[in-house]
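Take a look at the letters that make up each chain.
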Amino acid sequence: MPLATEERLIAESENALAPNPAEGKTPQELADIVTRFAASDGWIDRVRLRTENRWYERLYLGTDYDVWAISWMPAQSTGFHDHGDSSGAFVVATGVLEEHRPGAAPIEITPGRPRAFGQHYAHDVRNASLGPAVSIHAYSPPLTEMNEYDLVGSELVSREQASARAESLAKERHQRKPPQSTRASNIDLMLAEARDRLRRLSPSAAFDAMAHSQAILVDIRPEVQRAQEGNIPGALIVERNVLEWRFDPKSEARLQIATSYDLQIIVFCSEGYTSSLAAAALQELGLWRATDIEGGFQGWLTAGLPTSQHIPHQP
Ligand SMILES: [Fe+2]
């Protein structure tokens, strides 16, 4: 959705017909903004992961609202806080987060399900999953103040009222318990859980990503299946049983190219089922951009994209 890029947001702010800054954005409008932004690629090359703290960057600052991207490694959290006089909204772009509020059950937040709130709304957002997550946030008026709280019993007690600039997002106040595994109890749930964290690509989108960016197509099918079905030219063959060892940058058995957690890895299998589990496993290793192709090799064939019978050397 190119109309949801940062450029569009900036253009909107420069438009003489832009809303009166004094009016601000409603929570629903902010939810629409973060949803459109997360669905675009305006954030994907900006995000970095940091093991010591959550990473964040303000992507846009206008007169009436601002937009942030935040990355979350497993177990990273905000602690309880509010956003002062700003209303806000956020959405998960990839991965899974949890929102905690006093006296309420935690809410699992998956891509495409924005949360919106008014002024003085307090919450604690956590990455309780085993993989990284990226979220997009918007605030109106632009974020200038955050107040932090401790949970005492079921009550939030203000830690300090000192005004803080938005950079205080980076401060980590709480150590949380180790993440709990949320393994599904059967394969359908496991697959749905894996796909909740993926931004899956159509075959043509995967083709474009390979042709025009640094994306790496990875064929995880067994040899016998490749021989029967054919191949995708330019795809790297890494069979499923060694996948994690080949792409973990810390693995002694890694591929030469596997030096960064920022690699854009696009996995495919025959029909796009095993590949979803494999991509989710790569995300759990920290390869946050890992995803797969809808329909797998068969979907690629149906889309009329290039194939060959040539069997490349397996690394
Ligand atoms: Fe927040």
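Residues numbered from 1 in each chain as written. Predicted model: local features only at pLDDT ≥ 70, side-chain atom pairs only at ≥ 80, totals over all residues.

Q: What should I look at first to understand the pairing of strand E3 (residues 87-94) in this one?
A: For a regular strand, the rule is simple: side chains alternate between the two faces of the sheet. Most of E3 is tucked away, with 8 of its 8 residues classed as buried. Two strands pair when backbone bridges link them, and E3 and strand E8 (residues 133-140) are joined in this way by 7 bridges, in the antiparallel orientation. Paired with Val 91 across the two strands is Ile 136, which belongs to E8. Pairing of E3 with strand E6 (residues 115-117) involves 3 bridges; the strand directions are antiparallel. Along E6, the bridge assignment pairs Gly 88 with Phe 117. (Buried ≥ 20, exposed ≤ 12 C-beta atoms within 10 Å, placed from the backbone. Helix = DSSP H or I, 4+ residues; strand = E, 2+ residues; numbered from the N terminus. Pairing = 2+ DSSP bridges.)

Q: Sorry if this is basic, but what is going on with the packing of helix H3 (residues 187-196) against helix H7 (residues 274-285) here?
A: Any two packed helices are characterised by how steeply their axes cross, that is the angle between the axes, and by the distance between the axes. Where H3 meets H7, the closest approach of the two axes is 9 Å, and the angle between their N-to-C directions is 55°. Between H3 and H7, the angle is such that the two are oblique. Once H3 is placed against H7, the crossing between them reads as left-handed. Contacts between H3 and H7 involve Met 190, Leu 191, Ala 194 and Arg 195 on the former and, on the latter, Ser 276, Leu 277 and Ala 280. Looking at the contact of H3 with H7 residue by residue, the class counts come to 5 nonpolar, 1 polar and 1 charged. (Axes fitted to C-alpha atoms, helices over the stretch in contact; angles between N-to-C directions. Parallel < 35°, antiparallel > 145°, perpendicular 65-115°, else oblique. Left-handed = near helix turned anticlockwise from the far one by under 90°. Contact = placed C-beta atoms within 7 Å. Nonpolar A, V, L, I, M, F, W, Y, C, P; charged D, E, K, R; others polar.)

Q: Sorry if this is basic, but what is going on with the sheet that holds strand E14 (residues 291-292) here?
A: Across a sheet, strands are paired by hydrogen bonds formed along the backbone, either parallel or antiparallel in direction. Strand order in the open sheet made by the 4 strands is E12-E11-E13-E14, with parallel pairing throughout. The two strands at the open ends of the sheet, each matched to only one other strand, are strand E12 (236-237) and E14. Both strand E11 (residues 216-219) and strand E13 (residues 265-268) contribute to a ladder of 4 bridges, which runs parallel. Bridge pairing in E13 places Asp 219 opposite Phe 268.

Q: Is there a simple way to explain the sheet that holds strand E4 (residues 97-100) in this structure?
A: Strand order in the open sheet made by the 3 strands is E5-E4-E7, with antiparallel pairing throughout. Among the strands making up the open sheet, the edge pair consists of strand E5 (107-109) and strand E7 (124-126). Across this sheet, the average inter-strand angle for adjacent strands is 25°, counted without regard to direction. Direction of pairing for E4 relative to E5: antiparallel, over a ladder of 3 bridges. Note on E5: the bridge partner recorded for Glu 99 is Ile 107.

Q: Quick question: what am I supposed to make of H3 here?
A: An α-helical turn contains 3.6 residues, so any two residues separated by three or four positions project in the same direction. Those residues of H3 not exposed but buried are Ala 194, Arg 195 and Asp 196. Packing partners of the buried residues in H3 comprise H7.

Q: Just checking my understanding: could you explain the nonpolar core for this structure?
A: One recurring pattern in soluble globular proteins is that nonpolar side chains are buried together. Counting 69 residues, the largest nonpolar core has Val 34, Ile 136, Ile 265 and Ile 266 as the members making the most contacts within it. The element that contributes the greatest number of residues to this core is helix H2 (residues 27-39), accounting for 6 residues. Residue-level mapping places this core at the junction of two domains, with at least three residues from each of domain 1 (2-170) and domain 2 (187-302). Among residues more than four places away in sequence, those in contact with Ile 266 are Leu 201, Ala 206, Ala 209, Ala 215, Ile 216, Leu 217, Val 218, Thr 291, Asp 292 and Ile 293. (Core = buried A, V, L, I, M, F, W, Y, C linked by C-beta atoms within 7 Å. Domains from an automatic or database assignment.)

Q: What's the story with the pairing of E11 in this structure? I'm lost.
A: Neither face of E11 is exposed, since Ile 216 and Val 218 on one face and Leu 217 and Asp 219 on the opposite face are all buried. Of the pairings in the sheet, the one linking E11 to E12 comprises 2 bridges and is parallel in character. Along E12, the bridge assignment pairs Val 218 with Leu 236. The parallel pair E11 and E12, bridged by helix H5 (residues 223-229), forms a crossover whose chirality is right-handed. (Right-handed = clockwise from strand over helix to strand, strands pointing away.)

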